[in-house]
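Chain residues, written in single-letter form:
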Amino acid sequence: MYPFHDLKRRLPSAVLALGMSCFPVTLLAQSDSVLARFKNIDTEFSKFSAAKGPLEAFLAYLTDDAYLMQPDQVVLSGKNAVFAQYGSFPKGGSLTWDPDFTECSAVGDLGYTTGKYWSKRTVNNIPRTLEGTYMTVWKKQADGSLKAIADLGSPSLMPQELAGVTVKRSPFKSEVSAAGDFGVTMGTYEMKSKDADGKEKLEYGKYVWIWRKGSDGKKETVTDMSNASPAPHVK
């Protein structure tokens, strides 16, 4: 989630869901109860945020080494990242969300949720509501609970290499389900292109690539999402 993002950059939830389902992937059977667990934990996460505020919610539902991957910011990790992002959240404001798409491994130890978020605050005595989309990656913990290991705000489809455009990925974290059927890779990227005057142009961002093993045993993309960064490094 990203509380105060420019509405011009938000991606409608329906478009996001379409982007995540437009790849030719052979899906393994998942019970409704397995998928529901991810949606339920994300819904509980949102309710906790509504009741206690986003700072307490993110501290409670994220792992100690989770990554916050918000647009136009470098990647932040750990509890300090949560305090940096939500420690000064406006008093009286709220941040809530509603998951509308879930995908996970066959046994439910790794997965993600996406949906819309709403950030409410008052500016100069005028109530404002900003909305956007999000992706949260979840991993089963040793005690059996699900906790978020990454949160990507206002995601869009990962830039692709075209004529005159190169994209270099630098992964920094990967997770694979116990059965090896489902995986997540997080990283930063550098995109090189040329402007109208022919000068080299550098752009940075971070991404979450989610894959599933197909019937032939090869990794097939489930979704490949990203947002922009001012620099390529991770804090």
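Here is what the cut-offs are and how they apply
Residues numbered from 1 in each chain as written. Predicted model: local features only at pLDDT ≥ 70, side-chain atom pairs only at ≥ 80, totals over all residues. Heavy atoms only, no water. Helix = DSSP H or I, 4+ residues; strand = E, 2+ residues; numbered from the N terminus. Buried < 20%, exposed > 50% of the residue type's maximum accessible area, 1.4 Å probe, protein only. Contact = heavy atoms within 4.5 Å. Areas by Shrake-Rupley, 256 points an atom, 1.4 Å probe, with all protein chains shown as cover. Pairing = 2+ DSSP bridges. Axes fitted to C-alpha atoms, helices over the stretch in contact; angles between N-to-C directions. Parallel < 35°, antiparallel > 145°, perpendicular 65-115°, else oblique. Left-handed = near helix turned anticlockwise from the far one by under 90°. Nonpolar A, V, L, I, M, F, W, Y, C, P; charged D, E, K, R; others polar. Core = buried A, V, L, I, M, F, W, Y, C linked by side-chain atoms within 4.5 Å. Salt bridge = Lys/Arg side-chain N within 4 Å of Asp/Glu carboxyl O.

Across its full length, the protein holds four helices and 11 strands. Buried positions account for 47% of the 235 residues belonging to the protein. Across the protein, the fraction of contacts at a sequence separation of at least 24, relative to all contacts at a separation of at least 6, is 61%. On the protein, roughly 11,500 Å² of surface is accessible, and the fraction owed to carbon and sulfur atoms is 52%.

With antiparallel pairing, the five strands of this open sheet are ordered in space as E7-E11-E10-E9-E8. In this open sheet, the two edge strands, each paired with only one partner strand, are strand E7 (156-157) and strand E8 (166-176). As defined by bridge partners, E7 adjoins strand E11 (residues 219-229) across two bridges and the pair is classed as antiparallel. Paired with Leu-157 across the strands is Met-225, a residue of E11.

To continue, consider the packing of helix H3 (residues 54-61) against helix H4 (residues 79-86). Packing of H3 against H4 brings their axes to within 9 Å, and their N-to-C directions diverge by 160°. Taken together, the axes of H3 and H4 are roughly antiparallel relative to one another. For the pair H3 and H4, the crossing hand works out as right-handed. Taken together, the residues of H4 that come into contact with H3 (itself represented by Pro-54, Leu-55, Phe-58 and Leu-59) are Lys-79, Val-82, Phe-83 and Tyr-86. Classifying every residue of the contact of H3 with H4 gives seven nonpolar, no polar and one charged.

Within the element layout of this structure, Ser-193 appears in strand E9 (residues 182-194). Setting aside its immediate chain neighbours within four residues, Ser-193 contacts Gly-164, Val-165, Lys-199, Glu-200, Lys-201 and Glu-203.

Core analysis: the largest hydrophobic core is formed by 27 residues, its most contacted members being Phe-45, Phe-58, Leu-62, Leu-68, Val-82, Tyr-86 and Trp-138. Of all the secondary-structure elements, those providing two or more residues to this core are helix H2 (32-52), H3, strand E1 (62-69), H4, strand E3 (94-104), strand E5 (126-140) and strand E6 (146-153). In terms of residue count, H3 provides more of this core than any other element does, five residues in total. The residues touching Val-82, leaving out its near neighbours within four places in the chain, are Leu-55, Phe-58, Leu-59, Leu-62, Leu-68 and Gly-87. Counting 17 residues, the second-largest nonpolar core is a separate cluster that includes Met-69, Val-137, Ile-149 and Val-208.

What follows deals with H3. Counting buried positions along H3 gives six out of eight residues, so the element sits mostly inside the fold. Every buried residue of H3 is accounted for by Pro-54, Leu-55, Ala-57, Phe-58, Leu-59 and Tyr-61. Summarising the contacts, the buried residues of H3 are in contact with H2, E1, H4, E3, E5 and E6.

What follows is about the packing of H2 against H3. For the pair H2 and H3, interaxial distance at closest approach is 7 Å and the crossing angle is 145°. Viewed along their axes, H2 and H3 form a crossing whose handedness is right-handed. Judged by residue contacts, Ile-41, Glu-44, Phe-45, Phe-48, Ser-49 and Lys-52 of H2 engage Pro-54, Glu-56, Ala-57, Phe-58, Ala-60 and Tyr-61 from H3. Of the residues in the contact of H2 with H3, the class split is eight nonpolar, one polar and three charged.

Okay, the sheet that holds E3 next. Strand order in the open sheet formed by six strands is E2-E1-E6-E5-E4-E3, and the pairing between neighbours is mixed. This sheet does not close on itself; its edge strands, each paired only once, are strand E2 (76-77) and E3. The sheet contact formed by strand E4 (residues 110-123) and E5 spans 14 bridges and is antiparallel. Note on E5: the bridge partner recorded for Gly-111 is Trp-138. Its contacts with the sheet put H2 on E1, E3, E4, E5 and E6, and the angle it makes with E3 is roughly 175°. Contacts between H4 and the sheet are confined to E1, E2 and E3, with E1 contributing the most and set at about 50° to the helix.

All right, on to the pattern of salt bridges then. For the coordinates displayed, the defined rule picks out eight salt bridges. Notably, a salt bridge pairs Lys-79 with Asp-64, separated by 3.4 Å at the nearest N-O pair. Separated by 15 residues along the polypeptide, Lys-79 in helix H4 and Asp-64 in strand E1 bring together distant segments of the chain. A salt bridge links Glu-175 to Lys-139; the shortest N-O distance between them is 2.8 Å. Residue Glu-175 is located in strand E8, and its partner Lys-139 is located in strand E5; the two are separated by 36 residues in the primary sequence. Of the residues examined, Glu-175 reaches a relative accessible area of 11% and is grouped as buried.

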